[in-house]
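# Topology and contacts: notes
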Amino acid sequence: MRAEAPGTAIGRPAIVPNPIMGTHAATDRAPVVDAADASAADRVSEFSGKLGLIVGVANKRSIAWAIAQATAGRGARLAITYQGRFEEHVHELSEGLAHPALVLPCDVTSDADIESVFAKVDQEFGGLDFVVHGAAFAPREELTSPFANTTREGFRIALDVSAYSLIALARAAAPLMEKRGGGSILTLTYLGSDRVFPNYNVMGVAKAALEASVRYLAADLGPRNIRVNAISAGPIKTLAAAGIGGFSTILNVYRDRAPLRRNVEAAEIGEAAAFLLSDAGKAITGEVLMVDSGFHITGM
Ligand SMILES: NC(=O)c1ccc[n+]([C@@H]2O[C@H](COP(=O)([O-])OP(=O)(O)OC[C@H]3O[C@@H](n4cnc5c(N)ncnc54)[C@H](O)[C@@H]3O)[C@@H](O)[C@H]2O)c1
């Protein structure tokens, strides 16, 4: 899905392409020729020597993949996990990174898988600076039928994969982060945790549990210098989003009503994630950062 280009009506600055952020407003000033190179160099050094684990890459549209690109592009060395059927995709994507990632299988509902991922990361990296949690799932029928019909099993699965897994990953990551003097954990949530969106159903309940878990983990792990935050992303057409009935209507409503009058791009979530994961965000924890073109402030 591409972001809608905002109009260039009087009073609005022209929009020019930007390879990092997709689009940005032009200013009256002529660009300083070397500024782009200088900031690219700064970005590369921002994560150099940092070690990260990314959970939740299915394909090139995955938000977790955008975060992998944003952090690896700034110099991070990554381990990326895949869920069974995505093995080939994740290997192919990893090979395109500046430093190919350590690719490992992980079903987040399996304690044994989680244990073996962190044992391998410890063995290969000797520690960890950041973890990105981008795993979420609810059975399709829970996202198409009335919320009152949510089944006990559908509820259990959605909460296990989408919320409990953050706690399990954070617990396993903490000792590796302590070896590096601390770390940063980031998960991905959606405004459906707080407001009702058609068909989001039990995922909204899972995201509410996820956001509460962010706060409890932040309080618990803060004394070990481990930060825990979430990005609440605007809607993006990904594999997970395709399972939500009427998702394209949500995209249209955001485009029409969000203050920026457009949807967000995965690369923009990657940029915001890089900020929270890097030392630039080192005093931020327990936070849910809204990256949604401002939609969350609207009343109607
Ligand atoms: N796309 C959106 O509109 C949107 C908006 C806000 C938040 N989010 C959140 O962003 C995160 C990433 O989703 P996405 O939109 O990039 O879709 P995606 O389908 O690319 O990613 C979802 C990932 O969850 C993984 N997953 C599911 N069950 C798993 C399991 N048992 N073990 C391990 N991994 C498992 C899948 O393999 C996949 O990689 C999710 O938490 C999602 O809720 C998405």
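Residues numbered from 1 in each chain as written. Predicted model: local features only at pLDDT ≥ 70, side-chain atom pairs only at ≥ 80, totals over all residues. Heavy atoms only, no water.

## As for the packing of helix α2 (residues 63–72) against helix α9 (residues 266–277)
The packing of two helices is summarised by the inter-axis angle and the distance between the axes. Axis separation between α2 and α9 bottoms out at 8 Å; the angle between their running directions is 55 degrees. Here α2 is positioned oblique relative to α9, judged by the angle of their axes. Handedness of the α2/α9 crossing: right-handed. Touching I63, A66, I67, A70 and T71 of α2 are A266, A267, I269, G270, E271, A273, A274 and L277, all from α9. Considering only residue class, the contact of α2 with α9 consists of 10 nonpolar, two polar and one charged. (Axes fitted to C-alpha atoms, helices over the stretch in contact; angles between N-to-C directions. Helix = DSSP H or I, 4+ residues; strand = E, 2+ residues; numbered from the N terminus. Parallel < 35°, antiparallel > 145°, perpendicular 65-115°, else oblique. Left-handed = near helix turned anticlockwise from the far one by under 90°. Contact = heavy atoms within 4.5 Å. Nonpolar A, V, L, I, M, F, W, Y, C, P; charged D, E, K, R; others polar.)

## Side note on the layout of surface pockets
One number sums up the size of the largest pocket: a volume of about 1,200 Å³. What lines the largest pocket is a set of 45 residues, and nearest its centre among them are G134, A135, A136, F137 and A240. Elements with a minimum of two residues in the lining of the largest pocket: α2, β4 (77–82), β7 (183–189), α6 (201–221), α7 (239–242) and α8 (247–257). Residues that form the lining of the largest pocket fall into these classes: 29 nonpolar, 12 polar and four charged. (1 Å grid on protein atoms, 1.4 Å probe; cavity = no way out; pocket = protein on both sides within 12 Å on 5 of 7 lines; lining within 4 Å. Points joined across faces, edges and corners; volume = space filled by probe spheres on them.)

## Re the packing of aromatic side chains
Within this structure, the stated rule accounts for six aromatic pairs. With a centroid separation of 5.5 Å and an interplanar angle of 80 degrees, the aromatic rings of F47 and F130 are classed as edge-to-face. Residue F47 is found in the loop between α1 (35–46) and β3 (51–55), and its partner F130 is found in strand β6 (residues 130–133); the two are separated by 83 residues along the sequence. Its relative accessible area of 0% is what places F47 among the buried residues. Aromatic side chains Y254 and F295 sit 3.9 Å apart centroid to centroid with 20 degrees between the ring planes, which places their arrangement in the stacked category. Separated by 41 residues along the polypeptide, Y254 in helix α8 and F295 in the segment after β9 (288–291) bring together distant segments of the chain. The same class applies to Y254 as to F295, namely buried. One aromatic cluster is present, built from ring pairs that chain together Y190, F197, Y200, Y254 and F295. (Phe/Tyr/Trp six-rings, centres within 6.5 Å; stacked < 30°, edge-to-face > 60°. Buried < 20%, exposed > 50% of the residue type's maximum accessible area, 1.4 Å probe, protein only.)

## Looking at the site of the ligand
In the region of the ligand, 28 residues are neighbours, and S62, Q83, K207, I236 and T238 sit closest. Between an oxygen atom of the ligand and a main-chain N or O atom of I63, the distance comes to 2.8 Å. V108 is positioned such that a nitrogen or oxygen atom in its backbone is 2.9 Å from a nitrogen atom of the ligand. The protein chains hide 94% of the 810 Å² of surface that the ligand would expose on its own. If you map the ligand onto the pockets, it falls in the largest pocket. Put simply, the parts of the chain that give the shell around the ligand at least two residues each are β7 and α7. In terms of residue count, α7 provides more of the shell around the ligand than any other element does, three residues in total. Tallied by class, the residues present in the shell around the ligand amount to 19 nonpolar, seven polar and two charged. (Near = heavy atom within 4 Å. Polar contact = N/O pair within 3.5 Å; in protein donor to acceptor, adjacent residues only side chain to side chain. Areas by Shrake-Rupley, 256 points an atom, 1.4 Å probe, with all protein chains shown as cover. Sits in = over half its atoms within 2 Å of the grid points.)

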